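# Architecture and fold: a report
What follows is the residue order along each chain.
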Amino acid sequence: MSALALTSHFVRREIRNRYLGSFSGGLWALIQPLIQLAVYGFVWKYVFRMSAPGGADGPGIVAFLAMGVWPWNAFSESLVRATTAMQDNAALIGKIALPREILVLSSVASSFLLHALGFCVIVIVFRASGTPIQLLGLPLAAFAFVQLFVLALGLALLFSAIQVFVRDLGQTLTQLMPLWMFAGPVLYPRDYLPERFRAWLDLNPFTFYPEYLREALLGYGTTGTPWLVATIVALAVLAIGYTVFRRLSAHFEDFL
Amino acid sequence: MTAEVLVSARSLGKAYPQVFRPRDRLSALWRLLRGVPDSNATVVLHDVDLEVRRGESLGLIGENGAGKSTLLKLLTGVLTPTTGAVSISGRVGALLELGAGFHPEYSGRDNIAMSAALYGLTAREMRERLAEIIEFADIGHYIDEPVKHYSSGMVVRLGFAVVAALRPDVLITDEVLAVGDESFQKKCVRWMEEYLDGGGTLILVSHSMYHVQKLCRHACWLRHGEVTAYGDVFEVTQKYLAYHEAKLAAPSPRAESAAHGAEFQLLELRLNGQEEDTPLLLESEGTLRVDVGVHSRDGRVPVVVIGIARIDGTPVYGVSTEMDGVQPEAEDANTFRVEVEFPQLCLLPGSYVVKAHPLDSEGVRLFDTIERQLTIRGNSREFGLVRLSHSWKRVATPAGARLRGVSGV
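All figures in this text were calculated on a predicted structure; none of them were measured in a lab. (Residues numbered from 1 in each chain as written. Chains lettered and ligands numbered in written order. Predicted model: local features only at pLDDT ≥ 70, side-chain atom pairs only at ≥ 80, totals over all residues.)

### Structural notes on the overall build of chain B
Just so we agree on the cut-off: Numbering of helices and strands starts at the N terminus; helices are DSSP runs of H or I of at least 4 residues and strands are runs of E of at least 2. All radius of gyration figures rest on C-alpha atoms, and the globule criterion is 2.2 Å times the number of residues raised to 0.38. Whether a residue is buried, exposed or partly exposed follows from its count of other C-beta atoms within 10 Å of its own C-beta, namely 20 or more, 12 or fewer, or something in between, respectively; the C-beta atoms are built from the backbone. We call two residues in contact when their backbone-placed C-beta atoms lie within 7 Å.
When helices and strands are tallied, chain B shows 10 helices and 18 strands. Taken over the C-alpha trace, chain B has a radius of gyration of 28 Å; the compact-globule value for 409 residues is 22 Å, which it surpasses by more than 25%. By residue count, 36% of the 409 residues in chain B fall in the buried class. Of the contacts made within chain B by residues no fewer than 6 positions apart, 73% connect residues no fewer than 24 positions apart.

### Overview of the interface of chain B and chain A
Rules: Only Asp, Glu, Lys and Arg are considered charged in this grouping, and only Ala, Val, Leu, Ile, Met, Phe, Trp, Tyr, Cys and Pro are considered nonpolar; every other residue, Gly among them, is considered polar.
Of the residues lining the interface, 27 residues belong to chain B; the matching set on chain A comes to 22 residues. Secondary-structure elements contributing two or more residues to the side of chain B that touches chain A are β1 (5–17), α1 (22–34) and α3 (108–118) of chain B. Grouping the amino acids of the side of chain B that touches chain A by side-chain chemistry returns 17 nonpolar, seven polar and three charged.

### Side note on the nonpolar core
Inclusion rule: The term nonpolar core means buried Ala, Val, Leu, Ile, Met, Phe, Trp, Tyr and Cys residues held together as one set by C-beta atoms within 7 Å.
By size, the foremost hydrophobic cluster in this structure holds 136 residues, and its most contacted members are Val108(A), Ala152(A), Ala156(A), Leu60(B), Val162(B) and Ile203(B). Excluding residues within four positions of it along the chain, Ile203(B) makes contact with Val7(B), Val52(B), Leu58(B), Leu60(B), Leu75(B), Val170(B) and Ile172(B).

### Digging into unusual backbone geometry
With glycine set apart, most residues show a phi of negative sign, and most peptide bonds adopt trans. Residues and elements named next belong to chain B. Even without a glycine there, the phi angle at Asp138 is positive, about 55°. Looking at where Asp138 falls in the secondary structure, it is placed in the loop between α4 (123–137) and α5 (152–166). Positive phi, close to 50°, is recorded for Asn272, a residue that is not glycine. Structurally, Asn272 can be placed in the loop between β10 (264–271) and β11 (280–283). On the basis of neighbour counts, which here come to 15 C-beta atoms within 10 Å, the residue Asn272 falls in the partly exposed class.

### Focus on the domain arrangement of chain B
Residues and elements named next belong to chain B. For clarity, the threshold we go by: Domain start and end points were adopted from an automatic or database domain assignment.
In terms of domain boundaries, chain B breaks down into domain 1 (5–246) and domain 2 (256–377). Computed from C-alpha atoms alone, the centre-to-centre distance between domain 1 and domain 2 is 48 Å. Listed per partner, the contact involves five residues of domain 1 and seven residues of domain 2. Considered class by class, the residues forming the side of domain 1 that touches domain 2 number three nonpolar, one polar and one charged.

### Let's talk about the sheet that holds strand β14 (residues 315–320) of chain B
All names here are of chain B. Note the threshold: Two strands make a pair as long as DSSP finds a minimum of two bridges between them. Think of each axis as a best-fit line through the C-alpha atoms, taken over the contacting stretch in the case of a helix, with angles from 0 to 180 degrees between the N-to-C directions.
One open sheet accounts for five strands, arranged β11-β18-β17-β13-β14; its pairing is mixed. In the strand order of this sheet, the two ends are held by β11 and β14, each with one partner. If you compare each strand with its neighbour and ignore which way they point, the axes differ by 25° on average.

Printed below as a string of structure tokens:
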């Protein structure tokens, strides 16, 4: 109960910290992916001159990209931020006894909160501007975000614990994130890959989410990874991350 | 009357890993993941047993680096013990650093909310006590300004105000009384006294023996990570102070060779009949008898000086036979003896040195020195070296006078 109250305090503080002193306030969370979307869309259409996925019957390039950009932003931002959560809060950890998982949880939660909100707004905009959004897919999409949250939380717990010992992890992760993005169908559909590479995408735990969102909301394509597998993977990652975190967290103070 | 045990630590120990190179961190990570204990760690706390019952107050004293802060962090759960276990029941108010968890960009009001949540207050309790906190902090309009504009004293006021509003079952605190201005310090001490009177439990780390004696009934002296003394606050603090005084005093062994064959030589110095070199233990207001024997080479009558100094060398009192117009008694041609008695010795508790010197018959040249240690025991909280006789006039009995304050006299 009090852990929950504390988490909500930390989430609020984290969100305020991010936009403290910026003119646009929380709006920036929406503007930044919009700019990203515009840039990707421009490059697709006018630089690479690729046809929109699904052709004329498809959902359009902007809607297609949006289903990848928002979940990816939530996922990658929460990982990069949460990995250094222990270090960033070292002063607090050394003075006040609090469950340290809360710091990771609130870091991941605040990223997801902002981007899920942005995603809701963009879906409403699509719907209003005539892109066919399948309303029945909305609860499925919402649940996919919860699954993605579980996956991100598990990885964040694992990374933040290791980061205390191996300080290079945060740096490396920042460099690896773009690579990770291109290793999944965030900016392209699976069938744009040569036949023999397509199955490789299933090794990326993130692959499920853009494909699933496109299928559920836009009725485009099929999801390669079965839903059950994605769920099991997310839960397993959380279990591993939590176990490692618990095992190491007793010693954080000695290494921070 | 045995109250429930709120804080207990059993064979508590803490060792820090030795980490010098980045590689050490990697191997430490691997070792911890496998759950293998560290064989190569620096032990900072070893085998500490503590038990604090409801309503008790414990002062932790010791030199810098003795492990006090580590022990405190272990008790509050900030650190995980390497060996042993801590169990705490009830709401703990840990005040390891005032203003811990304050964010400099936010207003005092916002920080109160955050801080209260960190200490485990619910939102409702927080709202109910907000006014109380702001009143206790007493920093005026600054409460709505960002904490980064605060003076360090104001941060301290706000931090203490939050903890005061917490009404913890156990208050664990580290040197808090050392900061803040005079009036706020008094406010803190008064609050702590009220808290203790109200059945509160306190664990306090302080270098101020005055505060420890004022607030605590028990004390624990840590030295090199081990408990050196544990028990009644007056006994422990006096041992601790005596240890410090002895550490400060320069060792001055008796210059045997110089004295040998000199005109006058001390044969012995007895305190209350005891000649051994162990410190004499004396209750405060006890009687001290000093016997001195002097060998006179030429059979001339010596002048004998008796002095008492605190163990760090500060002189307290000195007197000679010549000043008082007396002479040592001749035992035989070359041996003289004198005895002096100090009834109701008014030295305050602590460690002292009794010195004796023979002077030539004219009282000019000093020949020899013997020192004996003297430890005065007692429960006095007075300051200084000696008790000066005094009587209070125009006094009233203060409301809610603390029994402890009276029992020392």
